[in-house]
Amino acid sequence: MGNRGMEDLIPLVNRLQDALSSVGQSCSLYLPQIAVVGGQSAGKSSVLENFVGRDFLPRGSGIVTRRPLILQLLSANTEYGEFFHCKGKKFTDFDEIRKEIEAETHRLTGSNKGISPVPINLRIYSPHVLNLTLVDLPGITKVPVGDQPADIEYQIRDMIMQFICKENCLILAVTPANTDLANSDALKLAKDVDPQGQRTIGVITKLDLMDEGTDARNILENRLLPLRRGYIGVVNRSQKDIDGKKDIKAALLAEKKFFLSHPAYTHMAESMGTPYLQRILNQQLTNHIRDTLPVVRTHLQGQLQDLNKEAEKCKQFSPDDPGQRTKTLLQSVQRLAVDFEKLIEGSGDRVDTVNLSGGAKINRIFHESFPNELVKIKLDERKLRREINYAIRNTHGVRTGLFTPDMAFEAIVKKQISMLKGPCIQFVDTVRQELISTVYQCINKLSSYPKLQDETERIVTTEIREQESKCRDQIVLLIDIQLAYINTKHEDFIGFTNDQQVYNQSNKKNAARMAGNHGVTPPSRLVVIRKGWLTISNIGIMKGGAKEYWFILSAESLSWFKDDEEKEKKYMLPLDNLKLRDVEKGFMSSKFVFAIFNTELRNVYKDYKCLELACYSQEELDSWKASLLQAGVYPEKVIVDGQGNGAPENFPDPQLERQVETIRNLVDSYMSIIYKTIKDLMPKTIMHLMINSVKEFISSELLAQLYALGECSALMDESPEQQQHREEVLRKHAALKEALAVIAKFSTSTCTTPLPPPVDSSWIQPSSPTLPRKSVTSGKPVVRGHAPSVPRVHAHTPSPSTDGLQPNRAPPGVPRRHPPAIPKVK
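Here the structure is a predicted model, which is why all the values come from computation and not from measurement.

Calculation notes
Residues numbered from 1 in each chain as written. Predicted model: local features only at pLDDT ≥ 70, side-chain atom pairs only at ≥ 80, totals over all residues. Heavy atoms only, no water. Helix = DSSP H or I, 4+ residues; strand = E, 2+ residues; numbered from the N terminus. Contact = heavy atoms within 4.5 Å. Areas by Shrake-Rupley, 256 points an atom, 1.4 Å probe, with all protein chains shown as cover. Expected span 1.5 Å × (residues − 1). Buried < 20%, exposed > 50% of the residue type's maximum accessible area, 1.4 Å probe, protein only. Pairing = 2+ DSSP bridges. Axes fitted to C-alpha atoms, helices over the stretch in contact; angles between N-to-C directions. Salt bridge = Lys/Arg side-chain N within 4 Å of Asp/Glu carboxyl O. Phe/Tyr/Trp six-rings, centres within 6.5 Å; stacked < 30°, edge-to-face > 60°.

J.: Looking at this structure, how should I read the overall build of the protein chain?
T.: Helix and strand counts for the protein chain come out as 21 helices and 16 strands. Restricting the contact set of the protein chain to residue pairs at least 6 apart, pairs at least 24 apart contribute 76%. Of the accessible surface of the protein chain, which amounts to about 42400 Å², a share of 51% is contributed by carbon and sulfur atoms.

Next comes the structure, spelled out in structure tokens:
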């Protein structure tokens, strides 16, 4: 056959491939694929067939290979082929393989010379091949024929570049001897991706078809137009030989006879022909395998080390031992309790750096989401004043009241307190959902034992719901307690008689404080509430467009700087009379936006009535809103009256207006006390009745309830997946040991062949399509863009379909008119 030169490598490589395939890492050595590149009818398929040793590729004139053929050779005891699109069907007749390739090509490209980048994937199993990936690519063409597109040349070059740009791809640049080698498209493309010539071997075909009296001796001796790895001449079968079914073995004998009998090639006959070409490829394979072995060995050693501990546990585990089952049950429940506590209380190991979870999410609910919901209740200013108005008038009835009625105050306060029940109950429900989510996160680790997982989930979630019910009752009781008695003697309550006095004294103190500080804001008002990046998104393009700044929020102002070094301040915005509103996210925008505006309709920033600020997540948006609430910037809330307009209630009676204002201030004072109390008590109540209770239940009572089921042995029945996993771990452990043993032998039984010294290959010009002649009608040259270059790649990139047959899809497209730079070769 045609590949005897590789037989010394086959036994060792096959043993390694067998060991690695058992752990799902077949072809981990990334053996190089061999891509045959050349023009139409240059003899590419013949070279490839000689290398494989079988006659199975379509033949003919013009463009015959119209789809890439990704050919995987896999060592096996029997010889047959398999196509990816015909899974399960074995082709033992290689003539049938050729017919299937032709039929599959026609299916996508038609019968009129069209091409397609969708590859045909073929596996050939044989005892005479080395595990290897070969690629037969369409020939480079210049002029479209038949139904081929006008940019056929670009399409074929794109297709070729997808393969030869890989560092592990050996390039056979095939050029017929009866053409000008200096203009070889194959060599030009090869130099684009392999400028140092480390992967390129020149192949000269059709030496037997050269004109009489001419030969390619100077080229084959690498003296004319040299390549680093030189040239190898081959003589392929003619179309007549192929039609006459001349087999490859006879063709190789005829090739040998040609070189021995030709006077120009007799002295180099031993370094010409298909057998010598295969020996050269064998050396390339050996070098690649030797270079790859240290990386593979390190990778496998790391995997073996990771598996050692788990494999030891799997060896010692006895699923039928009752004592082992009881021990595993106890350890599982203890681990669940520890994991749950770590997620709630926080832990330094395995910290999630992507999302908030467990205790961190509950903390955000405590201190951001819940306070924000409370603020929304007391924002309804117009409605509140209208209710106070009606309460005062209804309290007086038919009479005209001279004094502010305290009954109206109590009625309004009790109504405001009752409104807290909804947000508080929702608060409990939100924490319960997060608590259950945290428990699920821990219980998922029990998936090896489905019954134990299901029972644990049922018991713990039942306990959470019971504690939630108790917590709801307690919270409702706390609100009812606040409703039972309105304590107007509270030390923080301003009181009826002190309302105006306190108001006046407050103004005097503020004026005195400012005077005492010479007009400078006291340090207590300069405490920073929040810092972070925000984008001002509503600035027009003519004024610079949206920009990101470093914002600092204090109790008095919102300032922003050029960056987080806080050296170049852009602006400082006082918080007086500011409110915020939500802004709908734009159709194409990924940011979350809110706006700040002045309630007195003044400009907030330069000529802008509002300032739209954007951040990158909903969590960040909620956090900024909570910080602004803390600074006294409340959300806008428009309340409409019964007629659908937002007009405020008019008070024609000045005395009634003063009474409304008095009660409004008293309600605000008393509700501030209530809000402060609720914000303090709610997290404490939930923490005590729900979170701590559940945590204590898991650590001390869960195991007892599992035992009470009376099915401890059945609880520890393994899932089929766990049994399979344990067997897989043991199998991987043994396979990795075997693979490392094979590599140890392999690395000591191979030797490397030094790379030939560099040569001057400047004679090869960069690849570009021939420019068309001038247009006859216009007289102006029609110039097309250069053919695409190659995408930048990294060294040791795995070849396509190395790990198995890939689906019938085209390789990723590369730009056709503006390609990336030529890759760097290491």
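J.: What should I look at first to understand helix H10 (residues 322-345) in this one?
T.: Three or four residues apart is the spacing at which side chains of an α-helix point the same way, because the helix has 3.6 residues per turn. A rise of 1.5 Å per residue sets the reference length of H10, with its 24 residues, at 34 Å; its end C-alpha atoms lie 35 Å apart and thus fit the reference within 8%. Listed in full, the buried residues belonging to H10 are Arg325, Thr328, Leu329, Ser332, Val333, Leu336, Ala337, Asp339, Phe340 and Ile344. Residue glycine 346 follows H10 closely and has a positive phi angle near 90°.

J.: Even after reading the chapter, I still don't get the sheet that holds strand S11 (residues 557-561), so can you show me in this structure?
T.: In a beta sheet, neighbouring strands pair by backbone hydrogen bonds and run either parallel or antiparallel. Across the sheet, which stays open at both edges, the eight strands sit in the order S12-S11-S10-S9-S15-S14-S13-S16 with mixed pairing between neighbours. Among the strands making up the open sheet, the edge pair consists of strand S12 (569-574) and strand S16 (634-635). In this sheet, strand S10 (residues 547-554) lies alongside strand S9 (residues 528-536) in antiparallel orientation, the contact comprising eight bridges. Looking at S10, one finds that threonine 535 is bridged to glutamate 548. Docked against the sheet, helix H17 (residues 618-630) engages S9, S10, strand S13 (578-583), strand S14 (592-598), strand S15 (610-615) and S16, running at close to 130° with respect to S9.

J.: What should I look at first to understand the pattern of salt bridges in this one?
T.: When charged atoms on two side chains of opposite charge get close, those side chains can pair. Enumeration over the complete set of coordinates arrives at 24 salt bridges. With its nearest N and O atoms 2.8 Å apart, the salt bridge here joins aspartate 95 to arginine 98. With aspartate 95 and arginine 98 both in helix H3 (residues 94-109) and three residues apart, the pair spans about one turn of that helix. Residue classification places aspartate 95 among the partly exposed positions, given a relative accessible area of 32%. In this structure, the salt-bridge partner of glutamate 568 is lysine 570, at a minimum N-O distance of 3.1 Å. Look at lysine 570 and you get partly exposed, because its relative accessible area is 39%. Among the charged side chains, a network of salt bridges with common partners joins Asp429, Arg432, Glu468 and Arg472.

J.: Got a minute to help me understand the environment of isoleucine 101 in this structure?
T.: Looking at the element boundaries, isoleucine 101 is found in helix H3. When the C-alpha positions of isoleucine 101 and arginine 67 are compared, they lie 9.4 Å apart, and in sequence the two are 34 residues distant. Discounting chain neighbours no more than four positions away, the residues touching isoleucine 101 are Phe56, Leu57, Pro58, Leu69, Phe83, Ile120 and Leu122.

J.: Explain the packing of aromatic side chains here, please?
T.: Both the distance between ring centres and the angle between the ring planes are used here to describe each pair of aromatic rings. In this structure the tally under the stated criterion is 16 aromatic pairs. For the pair phenylalanine 258 and phenylalanine 259, a centre-to-centre distance of 5.4 Å together with 75° between the ring planes defines the contact as edge-to-face. Here the two residues phenylalanine 258 and phenylalanine 259 agree in accessibility, since each one is buried. For the pair phenylalanine 493 and tyrosine 670, a centre-to-centre distance of 5.6 Å together with 85° between the ring planes defines the contact as edge-to-face. Remark: tyrosine 670 occurs in helix H18 (residues 654-700) and phenylalanine 493 occurs in the loop between helix H15 (450-484) and helix H16 (499-516); sequence separation between them is 177 residues.

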